[in-house]
Every structure is written in C-alpha cells, then in structure tokens.
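Descriptive structure summary
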Amino acid sequence: MIILGIDTSCDDTGVGLVQDGRVLAHRVASQTGLHQSYGGVVPELASREHTRVIDRLTEAVLAEAGLSAKDLDAVAATQGPGLVGPLLVGLSYAKGLALALDRPFFGVHHLEAHLAAARTEDLRPPYLALLASGGHTHLFDVPEEGRYLLLGATRDDAAGEAFDKAARMLGLGYPGGPALARLAEKGDPKKVPFTLPLKGQRGYDFSFSGLKTAFKRFLDQGYAPEDLAASFQETVVESLVRTIERAARDLGRDQVVVAGGVAANRRLRERLSGSGLEVFVPPLALATDNGVMVALAAWQRIRRGVPPSPFDLEARPYLPLDRVSHAEGVE
Ligand code: KG4
Ligand code: ZN
C-alpha cells in the first residue's frame, strides 16, 4: 500500500511517500529565509509559498520512487492544528488528488503524525507520549491505540519556543533549537544556576517562560553563551524527563514515545535513555515537520481499520488531540 503524505501546518512544505510503513521518498521545502526579515511566520506569504512548491515536491517524490500518481493507494494531509491558510493549501491539494485518482483521503492531526514517526512495531499500548515542538508541549497517556488522555501541558511557552527564544537572545537565528543545542555542546551544563520549573508540583504540567526571563538576566550578568546554552538545555531536558519519569511511576508505564521537533535534541535522547524507560523516538530526519509522518499516521489508521475521512473535512487551526482520537474518521 503506497501513501502520499503532506504537511503544510506552518512554514515548511513536507511531502512524503510511504509503502507499507517504509519510507520511499521524502522532501521538505523550508520557508525560513522567506520569513526571516519579518521576525516570524507571515501566514499569507506561507500559503502562497506552499501553493507555489507543493505540486513540484509531489512530482519530485514520485519521480524519486519511480512511481506515478496512479500508483498511489491513498493520500493524506494534516487537518490541524496550524495556520489556517497553509493548512488549507495542503488539505485541498490532497483532497483534489485523491478525488481525481478515486482514492481514499485521510485528514490527520499534526501531533498524531509526529507520534506516528516515532512508533515502531515493538510499541504496544499502554505507553506515555510526549509531544514537544515549537507550538506544543503535551504529555499524554495512551492506554490503547488511538486514545490520548492529556496528563499535562505547558502553561506558557512550548519547549521548542523556549529554545527558539533563548537562541534569539544569543543572536543565533531561527529556528534556534538546533543552533542552541550545537552551542551547548561546548558549554558547562552546571555553570549557570537555572531553577527547575514547577518543582514540587503533583501534576504533569510544564512551564518555560520563567527560564526565558532567567536566561536574559544571566546573559546580562555576563555568563558565557556556551555555558548559558548548555545549562539552559540541561534544565529544559531535566524538566521534561523528570515529569515523564514521575508520570511513568504514578501510572505504571514503562514505555515512552517522544516526538515533535524537540525530539531531535541529542541531550534529551541521551538523558531519556538513562531513565530506565523504553524510549521510542523518531529517526532524526523525521523529528521536525515533514510529510512522511502524515503518511505514516494514515497507514497506522488503515491498519487499525479506521475509515477514510470525508472529502468535506475542514481545516482546523485549533484541534486538541484528545478530541480527534474519538472522532477519528467520523467527522
Ligand atoms: O515539530 P516542529 O518541526 O514544528 C512544529 O510543529 O512546531 O518543531 C520545531 C521546533 C522548533 O522550536 C525548533 O527550535 C525545535 O523544534 N527543535 C529543537 C531541535 N531541533 C528542532 N529544539 C532543541 N534541540 C534540537 N536539536
Ligand atoms: Zn510539528
């Protein structure tokens, strides 16, 4: 079964081709340069750019796999959450293609897609799932496949957003996560006295905006950028991992899936592997936004017997994952 997956939730156009859960081809067109001078993503520009490149990327992945559109068995796209204009570009394109080819269409949740990229055949529920990206920091309990119970979330900034903001204070550019992580390798993670956020809480929430304020203060006090980066990263990682470990103890879980852009962070992977939990993370190339993960989510739905989405499925800028799981294929 060959599935084309498309993600246009933000400023990257991701198109991926998957056969029976295996990656055939994969392209991501980044718009970072386009938005740089504006200091953030400009939705209209993003939509226009997605429209400009989506057909070419689709042709490219098909050509790379030596296939033509007729060989596709299903087409999938991100339904939400994300920017509504950009979402509509990918969703309409995927629906049009599926309709023209008379194939099933799947509208998937962006976070469901991130999770799909980290899952392997070995993973059986129950497990914990942490989604940490530029827009989300959510910890879920997954007692059975397709059911997501929200345990906790960030009260302010997302983990990736915190990395981006700290990187920006050091003039490292956007997205700052990878750049800050690189700089951190040269620094001392114990040098700068950041305090662990929400220490002593009983729940499973996160908070990163205080770290951002502290970062600015320590920077003004003259700490070296590499030590700031290393200590900041260590604190964010420690906060994520300790919360996961506590939830695992409380709920008796021994497996965790970590997905979303921050799952690319090497220190996070390293610290998790020492946690005693069985850890599932996506391959590095599939940690940040891409189309393959959308195709994988559709593939996993098909395998669970979830029916395709209706062709009038709407783009949803706000779409909680715990709601999708119950409405899957029904909406
Ligand atoms: O999932 P993603 O590609 O896009 C969203 O859906 O948000 O995540 C992007 C986020 C950015 O904030 C980026 O800085 C962060 O993930 N990120 C990282 C790393 N690679 C990407 N954060 C820390 N360390 C990394 N290596
Ligand atoms: Zn994402």
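It should be noted that the structure appears before, not after, this text.
Everything in this summary refers to the structure shown in the same document.

Analysis parameters
- Residues numbered from 1 in each chain as written.
- Chains lettered and ligands numbered in written order.
- Predicted model: local features only at pLDDT ≥ 70, side-chain atom pairs only at ≥ 80, totals over all residues.
- Heavy atoms only, no water.
- Helix = DSSP H or I, 4+ residues; strand = E, 2+ residues; numbered from the N terminus.
- Buried < 20%, exposed > 50% of the residue type's maximum accessible area, 1.4 Å probe, protein only.
- Lys, Arg positive; Asp, Glu negative; His and termini not counted.
- Charge placed at Lys NZ, Arg CZ, Asp CG, Glu CD.
- Donors = N, O, S within 2.8 Å, 3.2 Å for Na, K, Ca; no water.
- Contact = heavy atoms within 4.5 Å.
- Phe/Tyr/Trp six-rings, centres within 6.5 Å; stacked < 30°, edge-to-face > 60°.
- Pairing = 2+ DSSP bridges.
- Near = heavy atom within 4 Å.
- Polar contact = N/O pair within 3.5 Å; in protein donor to acceptor, adjacent residues only side chain to side chain.
- Areas by Shrake-Rupley, 256 points an atom, 1.4 Å probe, with all protein chains shown as cover.

1. Observations concerning the overall build of the protein chain
- Along the backbone of the protein chain there are 11 helices and 10 strands.
- Principal axes of the C-alpha set define a box for the protein chain whose edges measure 60 × 45 × 30 Å.
- The burial tally for the protein chain puts 54% of its 331 residues in the buried class.
- Once the 36 positive and 41 negative side-chain charges of the protein chain are each reduced to a mean point, those two points are 4 Å apart.

2. Description of the coordination of the zinc ion (ligand 2)
- Here the zinc ion (ligand 2) is held by the protein donor atoms His110 (NE2), His114 (NE2) and Asp289 (OD), which lie 2.0 to 2.1 Å from it.
- Written as a sequence motif, the donor arrangement for the zinc ion (ligand 2) is H-x3-H-x174-D. Here His114, found in helix α4 (residues 110–118), pairs with Asp289, found in the loop between β10 (278–280) and α10 (292–303); they are 175 residues apart in sequence, far enough to count as distant.
- A residue is classified by how much of its surface remains accessible, and Asp289, at 21% relative accessible area, is partly exposed.

3. Topic: the environment of His26
- Locating His26 in the fold gives a position in strand β3 (residues 22–30).
- For His26, a relative accessible area of 26% translates into the label partly exposed.
- In sequence terms His26 and Val257 are 231 residues apart; their C-alpha atoms lie 22 Å from each other.
- In this structure, His26 is in contact with Val15, Gly16, Val61, Ala285, Leu286, Asn290 and Val292, ignoring residues within four places of it in sequence.

4. Observations regarding the packing of aromatic side chains
- Inspection of every chain in the model, using the stated rule, returns 9 aromatic pairs.
- Measuring from centroid to centroid gives 5.7 Å for Phe163 and Phe232, while their planes differ by 85°, and the two rings are edge-to-face. Taken together, the residues span a long stretch of sequence, with Phe163 in helix α5 (residues 159–169) and Phe232 in helix α8 (residues 225–251) at a distance of 69 residues.
- Taken together, a centroid distance of 6.0 Å and an interplanar angle of 70° make the contact between Phe194 and Phe232 edge-to-face. In this pair, Phe194 is assigned in the loop between α6 (176–184) and α7 (209–220) and Phe232 in helix α8, connecting sequence segments 38 residues apart. For the pair Phe194 and Phe232, one class covers both residues: buried.

5. Description of unusual backbone geometry
- Residues Gly80 and Pro81 are joined by a peptide bond in cis, for which omega reads -10°.
- Position of Pro81 among the secondary structure elements: in the loop between β4 (74–80) and α3 (84–101).
- With omega at 5°, the peptide bond leading from Pro125 into Pro126 counts as cis.
- Mapped onto the fold, Pro126 is located in the loop between α4 and β6 (127–132).
- We note that Asp20 has phi near 45°; this positive angle belongs to a residue other than glycine.
- For Asp20, the position within the fold is in the loop between β2 (12–19) and β3.

6. What about the pairing of strand β7 (residues 137–142)?
- Of all 6 residues in β7, 5 are buried; the element is thus mostly enclosed.
- Across 6 bridges, β6 lies against β7 in antiparallel orientation. Each residue of the ladder has a partner; that of Leu131, found in β7, is His138.
- Bridge analysis of β7 against strand β8 (residues 149–153) gives 4 bridges, and the strand direction is antiparallel.

7. Some details on the site of ligand 1
- The local shell around ligand 1 holds 18 residues, among which His114, Gly134, Asp164, Asn265 and Asp289 are the closest.
- The contact in question runs from an oxygen atom of ligand 1 to an N or O atom on the backbone of Gly160, over 3.1 Å.
- Contacts to ligand 1 include Gly177, whose backbone N or O atom sits 3.0 Å from an oxygen atom.
- Starting from 550 Å² of accessible surface for ligand 1 in isolation, the protein chains cover 88%.
- Among the secondary structure elements, those contributing two or more residues to the shell around ligand 1 are α4, α5 and α6.

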